[in-house]
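Single-letter residue listing:
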Amino acid sequence: MAGKKLDFEKSLGRLEEIVKHLEKGDMPLNDSLKLFEEGTALLSSCNQMLDEAEQKVVKLKKGPDRAPIELPFESED
C-alpha cells in the first residue's frame, strides 16, 4: 500500500510539473501536445488510484460497548 501512495505522489508531482510547463506557453506545439497527452494519462491514473482508495475507506462508529465498529463507506452520489 505504501508503494501505491508513493506512485500517486510521484504522479501528482509530475502532473504539477507538466501544468507549470504548459502554463508558460513557451514550448513548441508538438512538445506541448506530448506533455498534454502525458498529463491526461497521469490524471486518469491518479483518478483511478483515488477511486480505489475511496472504495477501501470505512467509517468508524462506536458500538454499544464503546468499541469501534467498521461500517462500509457510503458514497454521497
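Numbering of residues starts from 1 in each chain and follows the order in which that chain's sequence is written. In keeping with the model being predicted, local features are shown solely for residues with a pLDDT of at least 70 and side-chain atom pairs are shown and tallied solely at 80 or more, while totals for entire chains, interfaces and linings include all residues. As a rule here, side-chain values cover all heavy atoms of the structure and leave hydrogens and water aside.

Colleague: How do you make sense of the overall build of the protein when you look at a structure like this?
Modeller: Labels follow the DSSP assignment, with helices taken as runs of H or I lasting at least four residues and strands as runs of E lasting at least two, numbered in each case from the N terminus. Within the protein, the regular secondary structure consists of two helices and two strands. Reading the helices (α) and strands (β) of the protein from amino to carboxyl end gives α-α-β-β. Only protein chains enter the area calculation, which uses a 1.4 Å probe; residues under 20% of their type maximum are buried, those over 50% are exposed, and those in between are partly exposed. In the protein, buried positions account for 14% of the 77 residues. Any two residues whose heavy atoms approach within 4.5 Å are treated as being in contact. In the protein, once contacts between residues fewer than 6 apart in sequence are set aside, the share between residues at least 24 apart is 36%. Residue exposure ignores everything except the shown protein chains as possible cover, and the areas themselves are Shrake-Rupley values with a 1.4 Å probe. Summed over its atoms, the accessible surface of the protein is roughly 6,500 Å², and 56% of this surface lies on carbon and sulfur atoms.

Colleague: Got a minute to help me understand the side chain of Ser 11 in this structure?
Modeller: Mapped onto the secondary structure, Ser 11 falls in helix α1 (residues 2-24). Whenever two N or O atoms come within 3.5 Å, that pair is a polar contact, provided that in protein one can donate a hydrogen and the other can accept it, and provided that, for residues adjacent in sequence, both atoms are side-chain atoms. Only 2.9 Å separates the side chain of Ser 11 from the backbone oxygen of Asp 7, close enough to count as a polar contact.

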